[in-house]
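Descriptive structure summary
Now for the letters of each chain:
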Amino acid sequence: MSFEKTPGWLDWYAGPSKPRFVLPPGSVDAHCHVFGPGDQFPFAPERKYTPCDASKAQLFALRDHLGFARNVIVQATCHGADNRAMADACRSSGGKARGVATVKRGVADTELQDLHDAGVRGVRFNFVKRLVDFTPKDELLEIAGRIKALGWHVVIYFEAVDLPELWDFFTALPTTVVVDHMGRPDVSKPVDGPEFALFEKFMREHTNVWSKVSCPERLSVAGPRALDGEQGAYRDVVPFARRIVERFPERVLWGTDWPHPNLKDHMPDDGLLVDFIPHIATTAELQHKLLVDNPMRLYWPEEI
């Protein structure tokens, strides 16, 4: 089956630089995706976008180039609840990848077990309205209850302005909860302002809540972009991510977000994205927690 990319789609950056920042041994890229390939794993009919192909082989080559040891592959919305591409990548990784799936209420216990055997350890609930259709919260709570028995967690993707409306639902979830990209704060607002303070309160009052401090390229307003050797990329995001890393060092994760779905104005060099890490995790101890200890505890606890 052939697919035509969404007009204006930006493909991932070919030939990324080698990071100057040397990752700690055992580091995990805890947020990345695979797309298709579409002729092998077709995109979902209900998708909101059609991406380029981004295969498991290309992901694993990037992993090795950047210096990561492992990946956590998050189900991309272009595949809907058809987890075959993500699960296949996990199975093909030789134990070096875990997965986060998207499932619907009617999922069979046998399918959940198959996903677990493939390496899935979480489900993702997406509340970004431009990316997915609304799913009733009672359905999501039912799914959360079922996956808790497998020891999985819930990943939530939302935008900062929607946190007050979603607060009661999020705090009712019975599992560990991992927030994608700090809940997409508006970094043009003060880091000490009420919007980000609410997110900090969310993490402070609910010790089951973790956060990914990833995707500065999505959050940045002023840049500069991670291109052309830039070593100080996305400076306007740094105070937000650094604060979460320093205040909640045991509950933070980082990932490349490769192949960067739905970016509109530029495609970052993934090597320069890795060089963003020491700006937000400023000591070797914080870097090790962010990149090794925390993702291993969440995704490979049997190896600790």
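Up top is the structure.
Now for a quick tour of the structure. (Residues numbered from 1 in each chain as written. Predicted model: local features only at pLDDT ≥ 70, side-chain atom pairs only at ≥ 80, totals over all residues. Heavy atoms only, no water.)

1. Topic: unusual backbone geometry
A cis amide bond, omega -5 degrees, links Gly-223 with the succeeding residue Pro-224. The omega angle of the peptide bond from Trp-258 to Pro-259 is 0 degrees, so this bond is cis rather than trans. Among the structural elements, Pro-259 can be located in the loop between strand S8 (252-253) and helix H9 (270-274). A positive phi angle is found at Arg-184, which is not glycine, with a value near 50 degrees. In this fold, Arg-184 is placed in the loop between strand S6 (177-179) and helix H6 (194-205). For Asp-257, which is not glycine, the phi torsion reads 70 degrees and is therefore positive. (Helix = DSSP H or I, 4+ residues; strand = E, 2+ residues; numbered from the N terminus.)

2. Some points on the pairing of strand S1 (residues 28-32)
Most of S1 sits inside the fold, with five of its five residues counted as buried. Here three bridges tie S1 to strand S2 (residues 70-74), and the two strands are oriented parallel to one another. Looking across to S2, one finds that Cys-32 is bridged to Ile-73. At this point the chain moves from S1, through helix H1 (residues 56-66), to the parallel S2, and the crossover so formed is right-handed. (Buried < 20%, exposed > 50% of the residue type's maximum accessible area, 1.4 Å probe, protein only. Pairing = 2+ DSSP bridges. Right-handed = clockwise from strand over helix to strand, strands pointing away.)

3. Quick word on the layout of surface pockets
If you add up the space inside the largest pocket, you get close to 610 Å³. Lining the largest pocket we find 29 residues, and of these Asn-126, Val-132, Asp-133, Phe-134 and Thr-135 sit closest to its centre. Taken together, the elements giving at least two residues each to the lining of the largest pocket come down to strand S4 (120-126), helix H4 (137-148) and helix H5 (163-172). Looking at the lining of the largest pocket element by element, the count peaks at four residues for H4. Along its surface, the second largest pocket is lined by 20 residues, and Arg-184, Arg-218, Asn-262, Leu-263 and Lys-264 are the ones closest to its centre. Of the residues belonging to the lining of the second largest pocket, the class tally is seven nonpolar, five polar and eight charged. (1 Å grid on protein atoms, 1.4 Å probe; cavity = no way out; pocket = protein on both sides within 12 Å on 5 of 7 lines; lining within 4 Å. Points joined across faces, edges and corners; volume = space filled by probe spheres on them. Nonpolar A, V, L, I, M, F, W, Y, C, P; charged D, E, K, R; others polar.)

4. Looking at the packing of aromatic side chains
Summed over all chains, the structure comprises 15 aromatic pairs. A centroid spacing of 6.4 Å and a plane angle of 55 degrees characterise the contact between Phe-199 and Phe-202, whose relative ring orientation is tilted. Taken together, the residues Phe-199 and Phe-202, both in helix H6 and three residues apart, mark about one turn of the helix. Members of the aromatic cluster, joined through ring pairs, are Phe-127, Phe-158, Trp-167, Phe-169, Phe-170, Phe-196, Phe-199, Phe-202 and Phe-240. Looking at Arg-70, its charged tip hangs above the ring of Trp-300, at a distance of 4.8 Å from the centre. (Phe/Tyr/Trp six-rings, centres within 6.5 Å; stacked < 30°, edge-to-face > 60°. Lys NZ or Arg CZ within 6 Å of the ring centre and 35° of its normal.)

5. Some words on empty space enclosed by the protein
As enumerated under the stated definition, the model contains two cavities of 30 Å³ or more in all. Taken together, 14 residues make up the lining of the largest cavity; nearest its centre are Arg-124, Leu-131, Tyr-157, Arg-218 and Pro-261. Residues of the lining of the largest cavity, tallied by class, amount to five nonpolar, five polar and four charged. Volume-wise, the second largest cavity comes out at about 70 Å³. In terms of lining residues, the second largest cavity is bounded by Phe-158, Ala-160, Leu-163, Met-182, Gly-183, Arg-184, Pro-185, Glu-195, Phe-196, Leu-198 and Phe-199. The dominant element in the lining of the second largest cavity, judged by the number of residues it contributes, is H6, at four residues. Counted by class, the lining of the second largest cavity contains eight nonpolar, one polar and two charged residues.

6. Points about the nonpolar core
The biggest cluster of nonpolar side chains holds 101 residues, and the ones touching the most others in it are Phe-125, Ile-156 and Trp-254. Per-element tally for this core: the top contributor is helix H11 (residues 284-299), with seven residues. (Core = buried A, V, L, I, M, F, W, Y, C linked by side-chain atoms within 4.5 Å.)

7. Brief notes about the pattern of salt bridges
In this structure the tally under the stated criterion is 21 salt bridges. The partner of Arg-146 in a salt bridge is Asp-109, and the shortest N-O contact between them spans 2.7 Å. Highlighted residues: Arg-146 in helix H4 and Asp-109 in helix H3 (residues 109-118), separated in sequence by 37 residues. Residue Arg-146 is classed as partly exposed on the basis of its relative accessible area, which comes to 25%. On the basis of relative accessible area, Asp-109 is assigned to the exposed category, the value being 55%. Linking Glu-200 and Arg-243 is a salt bridge whose minimum nitrogen-to-oxygen distance equals 3.3 Å. Taken as a pair, Glu-200 in helix H6 and Arg-243 in helix H8 (residues 238-247) lie far apart in primary sequence, 43 residues in all. There is no split in this pair, since Glu-200 and Arg-243 are both buried. A cluster of three or more residues bridged by salt bridges with shared partners is formed by Asp-192, Glu-200, Arg-243 and Arg-247. (Salt bridge = Lys/Arg side-chain N within 4 Å of Asp/Glu carboxyl O.)

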